[in-house]
Amino acid sequence: MYLQYGEELSGEWKSLCEIELKPLLNVNRRPYPEAQNLLGIHLAPVRLPNGEVLNVDITYSTENRGISITILSGDTTLIQVGGFKRQETSYDPNVIFITPNGIHVSAMVGA
């Protein structure tokens, strides 16, 4: 997943971070045996330039290209979206939203 933010002075999108999706692990730190095709990250903290912290949760199935994205600010859900990537290598879905403190953020799932 690629996160960018809208830099207010320049009006340009600036790279915030890239989050690598990894095999999801159960409580024993082993891959789920019934879902070995699941990648994701659970509540990864991302700090914005204004000090806001977002928590990003992503699950992606390589079997059917299904994806679920949840982005939180504290206890508040800002984004919760599910869908399917058109192709394994496409850069979708792309979601643009505004944080509680007014930062524009783009979240895009890429290859």
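These figures come from a predicted structure and were not determined experimentally.

Description of the overall build of the protein chain
A tally of helices and strands in the protein chain yields zero helices and nine strands. Traced from its N-terminal end to its C-terminal end, the protein chain shows the element sequence β-β-β-β-β-β-β-β-β. Per-residue burial for the protein chain yields a buried fraction of 38% across its 111 residues. When the accessible surface of the protein chain is split by element, carbon and sulfur atoms take 48% of a total near 6900 Å².

Here's the deal with the sheet that holds strand 6 (residues 66-73)
Within the open sheet, the five strands sit side by side as 3-4-5-6-7. Their pairing is antiparallel. Looking at the sheet topology across the chains shown, the edges are occupied by strand 3 (22-23) and strand 7 (76-84). Both strand 4 (residues 38-47) and strand 5 (residues 53-61) contribute to a ladder of eight bridges, which runs antiparallel. Counterpart to Arg 47 in the pairing with strand 5 is Val 53.

Notes on the nonpolar core
In this structure, Met 1, Leu 3, Val 56 and Ile 71 are the most contacted members of the largest nonpolar core, which totals 22 residues. Of all the elements, strand 5 adds the most residues to this core, at four residues. Excluding anything up to four places from it in sequence, Ile 71 contacts Leu 54, Asn 55, Val 56, Thr 76, Thr 77, Leu 78, Ile 79, Phe 97 and Ala 107.

About the thresholds
Residues numbered from 1 in each chain as written. Predicted model: local features only at pLDDT ≥ 70, side-chain atom pairs only at ≥ 80, totals over all residues. Heavy atoms only, no water. Helix = DSSP H or I, 4+ residues; strand = E, 2+ residues; numbered from the N terminus. Buried < 20%, exposed > 50% of the residue type's maximum accessible area, 1.4 Å probe, protein only. Areas by Shrake-Rupley, 256 points an atom, 1.4 Å probe, with all protein chains shown as cover. Pairing = 2+ DSSP bridges. Core = buried A, V, L, I, M, F, W, Y, C linked by side-chain atoms within 4.5 Å. Contact = heavy atoms within 4.5 Å.

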